[in-house]
Amino acid sequence: MTDTLPSAPVRAEVLVQALPHMQRYDQQVVVIKYGGHAMGDPAAAEDFAEDIVLLEQSGLRPIVVHGGGPQIGRMLDKLGIKSTFEGGLRVTDEATVEVVEMVLAGSINKQIVGWISTEGGRAIGLCGKDGNMVVARKAVRTAVDPASKEERELDLGFVGEPERVDRAVLDAVLKSELIPVIAPVASGADGQTYNVNADTFAGAIAGAMGAKRFLLLTDVPGVLDKDKNLIPELTVEDCRRLIADGTITGGMIPKIETCIYAIERGVEAVVILDGKVPHAVLLELFTDYGAGTLVRA
């Protein structure tokens, strides 16, 4: 086994090359949105937890926001709660939002905290409700009716979007040298619980915290051109052009919209990268090579 490891000088050179990157991010907030099917892979989860602990130990201030769509779906099936859909989006009724909160703010959140703790980190599990960190409003979505061809408003139930973020809790947690792990569940001004898209939630957190980097870990390598080649870097203007000409389509559009949203709120740059790549976070932040598509103003 030892024969396959790099020699000591090679490993030392890797550390030396990482030094300027560590200095660039020293004491800077980095928000990482963790989700997708990589969450269900034990090896990928271990790599992710190691990366987060190393970031904190290297002087960065990581904040983890996680999703959990597949896990929510499995729990709804297990409980016999049938989902309805409007315009391809799941309607979150009263029974569903209870399951969402249980899965996101409960089992998944504490599982990620446990992974980080196992690797020697000190993490704390939170959700948007804690300290009124995130106040949400009911999300409004529209769709074109295929029969009448008229646009109509969709009622998605208790699906929300961030209205405002209070950074006080996160400032206190980071000052205590703890790693916040946040579930995208928030209360509205009326006290109602809302299920918030994890990408959008993470973008709002990154903007409020003035993050140096916002990493969106997904199930794809990044943004691809029409020949399916990775695009290493884009500006906001490039993103809008590629959406308009059909290069960026489908589920990548809302991710790009989240990138633009975060950058407009003060995030220096956003990176879309494949969470299944071993140590993707470290490759992106501590090497010259990067691991996805970087979006900047």
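Everything below is about the structure printed above this text.
Each value, and the rule that gives it
Residues numbered from 1 in each chain as written. Predicted model: local features only at pLDDT ≥ 70, side-chain atom pairs only at ≥ 80, totals over all residues. Heavy atoms only, no water. Core = buried A, V, L, I, M, F, W, Y, C linked by side-chain atoms within 4.5 Å. Buried < 20%, exposed > 50% of the residue type's maximum accessible area, 1.4 Å probe, protein only. Helix = DSSP H or I, 4+ residues; strand = E, 2+ residues; numbered from the N terminus. Contact = heavy atoms within 4.5 Å. Expected span 1.5 Å × (residues − 1). Pairing = 2+ DSSP bridges. Axes fitted to C-alpha atoms, helices over the stretch in contact; angles between N-to-C directions. Salt bridge = Lys/Arg side-chain N within 4 Å of Asp/Glu carboxyl O.

A. Inspection of the nonpolar core at higher detail. Ranked by internal contacts, the top residues of the largest apolar core, which has 42 residues, are Ile 32, Leu 55, Ile 116, Leu 215 and Leu 285. The element contributing the most residues to this core is helix α4 (residues 94–118), with eight residues. When residues no more than four places from it in sequence are discounted, the contact partners of Leu 55 are Ile 32, Leu 60, Pro 62, Val 281, Leu 282, Leu 285 and Phe 286. Membership of the second largest hydrophobic core comes to 41 residues, among which are Val 31, Ile 182, Cys 239 and Ile 248.

B. How the structure looks around helix α2 (residues 42–57). Under the 1.5 Å per step criterion, the end-to-end length of α2 is 23 Å for 16 residues, consistent within 8% with the ideal 22 Å. Every buried residue of α2 is listed here: Ala 44, Ala 45, Asp 47, Phe 48, Ala 49, Asp 51, Ile 52, Val 53, Leu 55 and Glu 56. Packed against the buried residues of α2 are β1 (29–34), β2 (61–66), α4, β10 (179–183), β13 (213–218) and α9 (280–286). Gly 59 lies just past α2 and shows a positive phi near 100 degrees.

C. Here's a closer look at the sheet that holds strand β5 (residues 123–127). Spatially, β5-β10-β2-β1-β13-β15-β16-β14 is the arrangement adopted by the eight strands of the open sheet, whose pairing is mixed. Lying at the two open borders of the sheet, with one neighbouring strand each, are β5 and β14 (233–235). Mean inter-strand twist for the sheet, computed between neighbouring axes without regard to direction, equals 20 degrees. Two elements, β5 and β10, share five bridges in a ladder whose sense is parallel. Following the sheet pairing, Ile 124 is matched in β10 by Pro 180. Lying on the sheet, helix α6 (residues 198–208) is in contact with β1, β2, β10 and β13; it crosses β1 at an angle near 175 degrees.

D. Broad picture of the pattern of salt bridges. Scanning the model with the defined rule gives 13 salt bridges in all. A salt bridge links Lys 138 to Asp 155, with the nearest nitrogen and oxygen atoms 3.0 Å apart. Of the two residues, Lys 138 sits in strand β6 (residues 134–138) while Asp 155 sits in the loop between β8 (151–154) and β9 (159–165), which places them 17 residues apart along the sequence. Overall, the relative accessible area of 37% leaves Lys 138 in the partly exposed class. Residue Glu 233 pairs with Arg 296 through a salt bridge whose shortest N-O separation is 3.0 Å. Of this pair, Glu 233 sits in strand β14 while Arg 296 is found in strand β16 (residues 292–296), placing the two residues 63 residues apart along the sequence.

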